[in-house]
Amino acid sequence: MSPEAFVGQDIGFLANGNGFREFVQEFFAGDESEALYELKSISADRSYLIVAQKYDQNKAAFLIGIDITEQKRVEEELRQKTEELAEINRVKDEFLAVLSHELRTPMHNLHGWAQLLLSESEMDEALKIEGLETIERNARLQVRLIDDLLDLARMQKGEMKLEIELVDLASVIRSAADTIRLSAETKGIQIQLHLDATVSNVLGDAIRLQQVVWNLLSNAIKFSSKNESVTEILRCSSFYKVFTQSIFFV
């Protein structure tokens, strides 16, 4: 701006609406000989640090504007990064807490049945078979949790690979339901399957699809109250019947 543009103007016109006029008035009315004020220029989208200093027996003042736009930008980026890191740490802590719980549950079942089978020499044959089946299911569950962790590491490295083939979705859902059924039974939750036999095979990775179904079921069981039911529905979408098939969870 040219010097002429300032002549006869109220000082507030430099930053209308940003409290600049009030700052100058309070500065002259106060006892301090120096003051700082951070000014945001909306029209120019710039930030300034105003350094004010009185002279001539406090009848006048120098006001020097220092452009701090770049510093403010860096500060904002650092603030955002700090918030992002805090959120990442929070999610990591939650993940580790959930993971510890998920790993502990099948381990308790494995350990309990193993101890029972070792200590009871004259165990009923039916109970023995039930114990071995429980150990086998929990072992598969433990392996799946470890596979999920390995998949997470692969995704972070960009090394995740999909084995694409024709997949029977009904079979995928049944396998996932069988794996998670023990966790559901401990809460008295029933898993109900409604699988449309007309749904054709799809191209996909059977293991990854089963992981998706297992994770959805796991969350449904985790957040359901005791003695409720979780329903799995597989059917062709009526609107996109030709192009897609959908898995619905209630």
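Note that the coordinates shown come from a computational prediction; the quantities given were computed from them, not determined experimentally. (Residues numbered from 1 in each chain as written. Predicted model: local features only at pLDDT ≥ 70, side-chain atom pairs only at ≥ 80, totals over all residues. Heavy atoms only, no water.)

**With respect to the pairing of strand β3 (residues 60-67)**
Right, so step 1: Summarising the sheet, strand β2 (residues 46-55) and β3 pair through eight bridges and their orientation is antiparallel. Considered in β3, the bridge of glutamine 53 is made with phenylalanine 62. (Pairing = 2+ DSSP bridges. Helix = DSSP H or I, 4+ residues; strand = E, 2+ residues; numbered from the N terminus.)

**As for the layout of surface pockets**
Right, so step 1: By volume, the largest pocket amounts to about 320 Å³.
Right, so step 2: Contributing to the lining of the largest pocket are 13 residues, with Phe95, Val98, Leu145, Asp148 and Asn215 lying nearest its centre.
Right, so step 3: Listing elements by their share of the lining of the largest pocket, those giving two or more residues are α2 (69-119), α3 (125-157) and α5 (206-222). (1 Å grid on protein atoms, 1.4 Å probe; cavity = no way out; pocket = protein on both sides within 12 Å on 5 of 7 lines; lining within 4 Å. Points joined across faces, edges and corners; volume = space filled by probe spheres on them.)

**Notes on the sheet that holds strand β1 (residues 34-41)**
Right, so step 1: Overall, antiparallel pairing links the three strands, which are arranged β1-β2-β3 in an open sheet. Strand pairing shows two members of the sheet lacking a second neighbour, β1 and β3, which therefore form its edges. Each strand of the sheet is rotated relative to its neighbour by a mean of 25 degrees, with strand direction disregarded. (Axes fitted to C-alpha atoms, helices over the stretch in contact; angles between N-to-C directions.)

**A short note on the nonpolar core**
Right, so step 1: Ranked by internal contacts, the top residues of the largest apolar core, which has 22 residues, are Ile180, Ile191, Val213, Trp214, Leu217, Ile221 and Leu234.
Right, so step 2: With eight residues, helix α4 (residues 169-186) is the single largest residue contributor to this core.
Right, so step 3: Judged by nonpolar contacts, the second largest core, of nine residues, contains Phe23, Phe27, Leu39 and Ala52. (Core = buried A, V, L, I, M, F, W, Y, C linked by side-chain atoms within 4.5 Å. Buried < 20%, exposed > 50% of the residue type's maximum accessible area, 1.4 Å probe, protein only.)

**Examining the side chain of serine 218**
Right, so step 1: Relative to the helices and strands, serine 218 resides in helix α5.
Right, so step 2: You can call serine 218 buried: its relative accessible area is 11%.
Right, so step 3: When sequence neighbours within four positions are dropped, the list of residues in contact with serine 218 reads Glu102 and Ile180. (Contact = heavy atoms within 4.5 Å.)

**Points about the pattern of salt bridges**
Right, so step 1: A full pass over the atoms with the stated rule returns nine salt bridges.
Right, so step 2: Among the ionic pairs, lysine 72 bridges to glutamate 75, the shortest N-O distance being 3.5 Å. Of the two residues, lysine 72 and glutamate 75 both sit in helix α2, three residues apart, roughly one turn of that helix.
Right, so step 3: Take glutamate 75: its relative accessible area is 45%, and that puts it in the partly exposed class.
Right, so step 4: Counted as one network, the salt bridges with shared partners bring together Glu38, Lys72 and Glu75. (Salt bridge = Lys/Arg side-chain N within 4 Å of Asp/Glu carboxyl O.)

**Digging into the environment of glutamate 70**
Right, so step 1: Inspection of the secondary structure puts glutamate 70 in helix α2.
Right, so step 2: Residue class for glutamate 70 comes out partly exposed when judged on its relative accessible area of 44%.
Right, so step 3: The spatial distance from the C-alpha of glutamate 70 to the C-alpha of arginine 46 is 8.9 Å, given a sequence separation of 24 residues.
Right, so step 4: Within the structure, glutamate 70 has its side chain in polar contact with the side chain of arginine 73 (distance 2.2 Å). (Polar contact = N/O pair within 3.5 Å; in protein donor to acceptor, adjacent residues only side chain to side chain.)

**Quick word on the pairing of β2**
Right, so step 1: Relative to β2, β1 runs antiparallel, the two sharing eight bridges. From the neighbouring strand, glutamate 34 faces β2, where its bridge partner is glutamine 53.
Right, so step 2: The turn linking β2 back onto β3 is made up of four residues, and aspartate 56 within it adopts a positive phi angle of 50 degrees.

**Focus: the side chain of glutamine 210**
Right, so step 1: Counting through the fold element by element, glutamine 210 comes out in helix α5.
Right, so step 2: In this structure glutamine 210 touches Arg144, Val172, Ser175, Ala176 and Thr179, once residues within four positions along its chain are discounted.

**Notes on α4**
Right, so step 1: The end-to-end C-alpha separation of α4 is 26 Å, in line with the 26 Å expected for 18 residues at 1.5 Å each.
Right, so step 2: Where α4 bends most, the angle comes to about 45 degrees, and this point is isoleucine 180.
Right, so step 3: Leu169, Ala170, Val172, Ile173, Ala176, Ala177, Thr179, Ile180, Leu182 and Ala184 are the residues of α4 that are buried.
Right, so step 4: Among the residues trailing α4, glycine 188 stands out with phi positive, at a value near 70 degrees. (Expected span 1.5 Å × (residues − 1). Bend = angle between axes of the 7 residues up to and from the residue.)

**Section: helix α1 (residues 20-29)**
Right, so step 1: The set of residues buried in α1 consists of Phe20, Phe23, Val24 and Phe27. Viewed end-on, α1 has its buried residues packed into an arc of 95 degrees, placing them on one side of the element. The outward face of α1, more than 90 degrees from its buried face, is lined by the exposed residues Glu26 and Ala29.
Right, so step 2: Residues of α1 that are buried in the fold lie against β1, β2 and β3. (Arc of directions from axis to C-beta.)

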